[in-house]
Amino acid sequence: MNTAELKKVCTQVRRNIINMTANAGSGHPGGSLSSVDLMTSVFFNHMRIDPKNPRNPDRDRFVLSKGHAAPCYYGVLAERGFISRDEFINFRQLHSILQGHPDAKKVPGVDASTGSLGQGCSIAVGMALGAKVQGKDTKVYTILGDGECQEGQIWEAFMAAAHYKLDNLTVIVDNNGLQIDGSNDEVMSLGDLPAKLRAFGFELFEIDGHDLDAIEAALSAPVPQGKPKCILAHTVKGKGVSFMENQVGWHGKAPNAEQREQALKELED
Amino acid sequence: MSEKIATREAYGKALAELGNVNDKVVVLDADLAGATMTKFFKAAHPDRFFDCGIAEGNMMDIGAGLSTTGLVPYCSTFALFGAGRAYEQIRNSIAYPRFNVKICCTHAGLSVGEDGGSHQSVEDIGLMRLIPGMTVIVPADANEAKKATFALADFQGPVYMRLARSATPVFEEDYPFEIGKANVMREGKDAAVFACGTMVPEALEAARLLAADGIEVSVINVHTIKPIDADCVAKYAAKTGNVITVEEHSVIGGLGDAVADVLMGKVNCKFLKIGVNDQFGQSGKAADVMREYGLTADQIAAKIKGTL
């Protein structure tokens with residue numbers, strides 16, 4: 001898909017996020033909106049997947065380690081044909097496949113259940129390792145939050161990715177700089193994140209996480225044999241909705257009817 | 001019951017054998033392969049053995065990921081660091097999506113001995129039982145540990161298996177092993193003694209001591225704590241009217257509670273739970289620690305006699 005086409009899909013995914021969270025009256029729009037361009041690029045231009053056969057054993061894998069960005073995930077899966085947009089109305093409702101955080105048992109296209117932070121990257125490591133052991137050319141992608149990198153297990157997973165030379169793994173850090181209680185730097189500074197990621201053995205690509213061409217270039221870039229890839233994507237929490245951008249308060253709050261209208265107006269092609 | 005083998009040793013050797021016949025089996029450890037005995041698998045199948053370093057939560061989640069690629073991961077560490085430290089990884093990343101991961105933890109209970117209370121898990125059965133859909137297995141001897149190790153590979157879904165450090169007697173009789181089906185090892189009309197793991201040989205010995213005093217008790221090996229063999233438990237409780245549970249685990253949350261859950265409101269009987277009474281363990285020779293906490297055959301026999 002070319003950049004213009006991809007851009008259109010991204011806008012629709014953003015609309016999906018607004019609609020889902022507004023319908024539910026809860027959810028996490030801020031961190032969903034920051035992940036849109038990254039996740040859409042992965043699903044539309046890079047993953048070998050088939051919506052008609054979501055459990056194909058030879059498919060590429062995706063783990064949303066920052067599981068609270070479920071509205072973005074569901075929004076992308078709908079555009080990619082795994083689920084229907086008609087499901088959105090059920091997001092966070094009883095008996096829905098669209099749980100508040102992704103449930104692999106319920107949603108076609110969801111490969112791991114996430115939401116409890118710090119675990120998804122390890123699961124992705126296991127998937128990449130499983131592919132290697134079986135001689136498969138499966139690629140594995142995972143998106144982490146930056147606040148999530150405060151979980152020690154993330155760094156355990158990084159160690160394992162380098163140790164087992166998982167050059168079929170791409171770790172994307174959605175670096176929007178904000179978390180529930182404030183900025184990363186206020187809550188628990190991550191320090192020199194690029195240096196740390198390099199020190200843990202990644203081939204690092206530092207990009208603007210909303211520049212579709214830059215995302216495409218980083219996702220397509222080759223890595224040296226045996227090196228896992230990390231894309232440190234600088235993003236804006238709430239990206240695309242003016243009143244949500246860079247606002248800590250929109251981490252886990254849904255737009256009301258009026259805000260929804262305004263947001264959707266801003267998200268017209 | 002002359003020969004003694006630790007269930008962890010039987011597990012490790014069985015795993016290596018299982019690797020010969022099942023190429024989907026992979027084994028993960030957290031720097032304890034020499035102690036959990038996964039070293040046997042590591043030696044036989046180095047390309048399917050993955051040390052995750054001292055990072056148990058990471059190991060469980062790598063296991064979760066591996067299972068989604070069609071492999072059958074067995075994750076091993078000590079019970080405290082598996083069921084305890086990595087509880088939430090097991091709960092959220094393995095059990096919640098019902099991934100096919102086998103969590104096989106050794107050094108459970110007080111019979112760890114010298115390492116002391118920090119390493120003696122008396123809570124792991126309870127922690128794992130609490131998780132929806134989790135199967136919990138506690139083999140009672142080396143043969144059962146071997147059979148269980150093989151059975152897990154044919155079972156679809158997450159399983160927690162609890163194994164012991166210390167060598168314990170190997171039963172002379174060869175019992176069948178079917179997940180969820182308790183084995184009646186001795187028949188007696190006066191009481192039903194439900195035991196698991198290392199406490200099964202102790203309960204059998206206690207039964208022999210009681211028989212010398214004219215008290216005949218049934219001994220039932222409840223190797224599967226969850227799903228428990230409710231029919232067998234109810235039948236023997238009703239038959240004898242006296243129920244005793246024996247476990248190398250806290251009396252809170254373990255086998256005793258699982259048996260009580262079956263019987264409550266259904267079978268009228270006396271009930272005695274023998275186990276660790278809401279305490280931590282401590283250092284000492286394994287046999288001395290077991291005696292200190294009242295879990296030897298003669299102590300068990302005395303408690304049973306006292307309740308009848």
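Only a predicted model underlies this, so the values are computations on that prediction, with no experimental measurement involved. In this convention, every chain numbers its residues from 1, walking through the sequence in written order. Labels are handed out in written order, letters beginning with A for the chains and numbers beginning with 1 for the ligands. It should be noted that, the model being predicted, local features are given only for residues of pLDDT at least 70 and side-chain atom pairs only at 80 or more, the latter also being counted only at that level, while totals for whole chains, interfaces and linings use all residues.

1. A look at the overall build of chain B
Runs of H or I in DSSP of at least four residues are treated as helices and runs of E of at least two as strands, each being numbered from the N terminus. A count of helical and extended segments in chain B gives 13 helices and 14 strands. Its C-alpha atoms give chain B principal-axis dimensions of about 55 × 40 × 35 Å. In this description, a residue-residue contact is defined by the distance between C-beta atoms placed from the backbone, which must lie within 7 Å. Restricting the contact set of chain B to residue pairs at least 6 apart, pairs at least 24 apart contribute 80%.

2. Overview of the interface of chain B and chain A
Residue-level contacts link 25 residues of chain B with 24 residues of chain A. Taken together, the elements giving at least two residues each to the side of chain B that touches chain A come down to helix 4 (56–67) and helix 6 (87–95) of chain B. No other element matches helix 4 of chain B, which puts eight residues into the side of chain B that touches chain A. Basically, the charged four are Asp, Glu, Lys and Arg, the nonpolar ten are Ala, Val, Leu, Ile, Met, Phe, Trp, Tyr, Cys and Pro, and anything else, Gly included, counts as polar. Residues that form the side of chain B that touches chain A fall into these classes: 10 nonpolar, 11 polar and four charged.

3. Here's the deal with the sheet that holds strand 2 (residues 140–145) of chain A
Residues and elements named next belong to chain A. We call two strands paired when DSSP finds no fewer than two bridges between them. The five strands are arranged 1-2-3-7-6 in an open sheet whose pairing can be described as parallel. Of all the strands in the sheet, just strand 1 (61–64) and strand 6 (203–208) have a single pairing partner and so form its edges. Strand-to-strand twist of the sheet, defined as the mean angle between neighbouring strand axes without regard to direction, takes the value 20 degrees. Against the sheet, helix 2 (residues 29–46) contacts strand 1, strand 2, strand 3 (169–175) and strand 7 (229–234), and its axis sits at roughly 165 degrees relative to strand 2. Note on geometry: axes are C-alpha line fits, over the in-contact stretch for helices, and angles between N-to-C directions span 0 to 180 degrees.

4. Examining the packing of helix 10 (residues 230–240) of chain B against helix 11 (residues 255–263) of chain B
Residues and elements named next belong to chain B. Helix 11 packs onto helix 10 with a crossing angle of 75 degrees between their chain directions and a minimal axis gap of 9 Å. Overall, the two elements helix 10 and helix 11 adopt an arrangement that is roughly perpendicular. Along the contact surface, helix 10 presents A230, V233, A234 and A237, while helix 11 presents V259, V262 and L263. Counted by class, the contact of helix 10 with helix 11 contains seven nonpolar, no polar and no charged residues. Our angle categories are set so that under 35 degrees counts as roughly parallel, over 145 as roughly antiparallel, 65 to 115 as roughly perpendicular, and the remainder as oblique.

5. Quick look at the pairing of strand 14 (residues 270–276) of chain B
All names here are of chain B. Here strand 13 (residues 242–250) pairs with strand 14 via six bridges, running parallel. Bridging from a neighbouring strand, T245 pairs with K273 of strand 14. The path from the first strand over the helix to the second decides the hand: if it runs clockwise while the strands point away from the viewer, the crossover is right-handed. For the crossover from strand 13 across helix 11 to strand 14, the handedness is right-handed.

6. Thoughts on the domain arrangement of chain B
Residues and elements named next belong to chain B. Where each domain starts and ends follows an automatic or database-derived domain assignment. Annotation of chain B at the domain level lists domain 1 (4–169) and domain 2 (183–305). Centre-to-centre, using C-alpha coordinates, domain 1 lies 25 Å away from domain 2. Taken together, the contacts link 26 residues of domain 1 with 30 residues of domain 2. Of the residues in the side of domain 1 that touches domain 2, the class split is 11 nonpolar, 10 polar and five charged.

7. Brief notes about the pairing of strand 5 (residues 102–106) of chain B
Residues and elements named next belong to chain B. Counted residue by residue, strand 5 has five buried out of five residues, so it is predominantly covered. Any residue with 12 or fewer other C-beta atoms within 10 Å of its own C-beta is exposed, any with 20 or more is buried, and the rest are partly exposed; the C-beta atoms used are placed from the backbone. With burial as the criterion, each face of strand 5 is covered, one bearing K102, C104 and T106 and the other bearing I103 and C105. As defined by bridge partners, strand 5 adjoins strand 7 (residues 159–162) across four bridges and the pair is classed as parallel. Within the sheet, the bridge partner assigned to K102 lies in strand 7 and is V159.

8. Looking at the environment of D111(A)
If you trace the backbone, D111(A) turns up in the loop between helix 3 (70–79) and helix 4 (120–133). Taking the C-alpha atoms as reference points, D111(A) and I123(A), separated by 12 residues in sequence, lie 9.6 Å from one another. With near-sequence residues (within four places) excluded, D111(A) lies in contact with R61(A), F62(A), V63(A), A104(A) and T68(B).

9. So, the environment of V262(B)
Residue and element names in this part refer to chain B. By the element assignment, V262 lies in helix 11. For the pair V262 and T68, spaced 194 residues apart in sequence, the C-alpha separation works out to 34 Å. Apart from the residues within four sequence positions on either side, V262 is in contact with I228, A230, V233 and A234.

10. A short note on helix 6 of chain B
Buried residues of helix 6 of chain B: Q89(B), I90(B), N92(B), S93(B), I94(B) and A95(B), and no others. For helix 6 of chain B, the elements touching its buried residues are helix 4 of chain A together with helix 4 and strand 5 of chain B.

11. Brief notes about the sheet that holds strand 13 of chain B
All names here are of chain B. Pairing is mixed across the open sheet formed by five strands, whose spatial order is 9-11-10-13-14. Here the strands that pair on one side only, and so sit at the sheet edges, are strand 9 (183–189) and strand 14. Neighbour-to-neighbour, the strand axes of the sheet open up by a mean angle of 15 degrees, direction not taken into account. In the packing of helix 10 onto the sheet, the strands contacted are strand 9, strand 10 (191–195), strand 11 (217–221) and strand 13, and the crossing angle to strand 10 comes to about 150 degrees. The strands touched by helix 13 (residues 297–307) are strand 10, strand 11, strand 13 and strand 14; relative to strand 14, the strand with the most contacts, the crossing angle is about 155 degrees.

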